[in-house]
Amino acid sequence: LLSVAIGGMWAAFASRAQPLPPAAWPAYRNGSEAQLVLSIREDATAPPPFRVEVPPRARECDFWERLQALVRDKEQRVAAS
């Protein structure tokens, strides 16, 4: 079960300061939106598969963030005039 696997990872982290399996955990990088995804396996004895992925719809969110920044910049220039 996923909850058992996560509990084991927390226990390993608490006792060794390293989650298990260590290779699956990407190092933190400032500005990265990558996230670790844990999945449930049908076979409860197998470790859960890990994958690193960018959040869904990241490109769409980036578009709206850039648009919002452009609008905010224009509003500031109009207010300063």
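All values reported here derive from a predicted model rather than from experimental measurement. (Residues numbered from 1 in each chain as written. Predicted model: local features only at pLDDT ≥ 70, side-chain atom pairs only at ≥ 80, totals over all residues. Heavy atoms only, no water.)

## Thoughts on the overall build of the chain
The number of helices and strands found in the chain is two helices and two strands. Beginning at the N terminus, the succession of helices and strands in the chain can be written as α-β-β-α. Here the chain holds 81 residues, and 11% of them are scored as buried. Residue pairs in contact within the chain that sit at least 24 positions apart in sequence constitute 33% of those at least 6 positions apart. Looking at the chain as shown, the accessible area adds up to about 6,900 Å², and 60% of this sits on carbon and sulfur atoms. (Helix = DSSP H or I, 4+ residues; strand = E, 2+ residues; numbered from the N terminus. Buried < 20%, exposed > 50% of the residue type's maximum accessible area, 1.4 Å probe, protein only. Contact = heavy atoms within 4.5 Å. Areas by Shrake-Rupley, 256 points an atom, 1.4 Å probe, with all protein chains shown as cover.)

## Comments concerning the pattern of salt bridges
Inspection of the entire model under this criterion finds one salt bridge. One salt bridge connects Asp73 with Arg77, and the closest N-O pair in it is separated by 3.3 Å. You can see Asp73 and its partner Arg77 sitting in helix H2 (residues 58-80), four residues apart, about one turn around the helix. (Salt bridge = Lys/Arg side-chain N within 4 Å of Asp/Glu carboxyl O.)

## Description of the packing of aromatic side chains
Overall, the coordinates contain two aromatic pairs when judged by the stated rule. Judged by centre distance (6.0 Å) and plane angle (85 degrees), the ring pair of Trp10 and Phe13 falls under edge-to-face. Taken together, the positions of Trp10 and Phe13, both in helix H1 (residues 2-16) and three residues apart, correspond to about one turn of that helix. Ring centres 4.9 Å apart and planes at 75 degrees place the aromatic pair Phe63 and Trp64 in the edge-to-face group. What makes Phe63 partly exposed here is its relative accessible area of 42%. (Phe/Tyr/Trp six-rings, centres within 6.5 Å; stacked < 30°, edge-to-face > 60°.)

## Side note on the environment of Pro26
As for its position among the elements, Pro26 is in the loop between H1 and strand S1 (35-38). For the pair formed by Pro26 and Arg51, sequence separation is 25 residues and the distance between their alpha carbons is 9.7 Å.

## So, H1
Here H1 is 15 residues long and its end C-alpha atoms lie 21 Å apart, about the 21 Å a rise of 1.5 Å per residue gives. The set of residues buried in H1 consists of Ala5, Met9 and Ala12. For H1, the buried positions fall inside an angular range of 65 degrees around the axis, keeping them on one side. Facing away from the buried side of H1, by more than 90 degrees, are the exposed residues Ser3, Val4, Trp10, Ala14 and Ser15. (Expected span 1.5 Å × (residues − 1). Arc of directions from axis to C-beta.)

## Examining a nonpolar patch on the surface
Together, Phe63, Trp64, Leu67, Leu70 and Val71 make up a nonpolar patch on the protein surface, roughly 510 Å² of accessible area in all. Here Trp64 shows up in helix H2. (Patch = residues over 30% accessible without salt bridge, like charges linked within 9 Å, V, L, I, M, F, W, Y side chains within 5 Å.)

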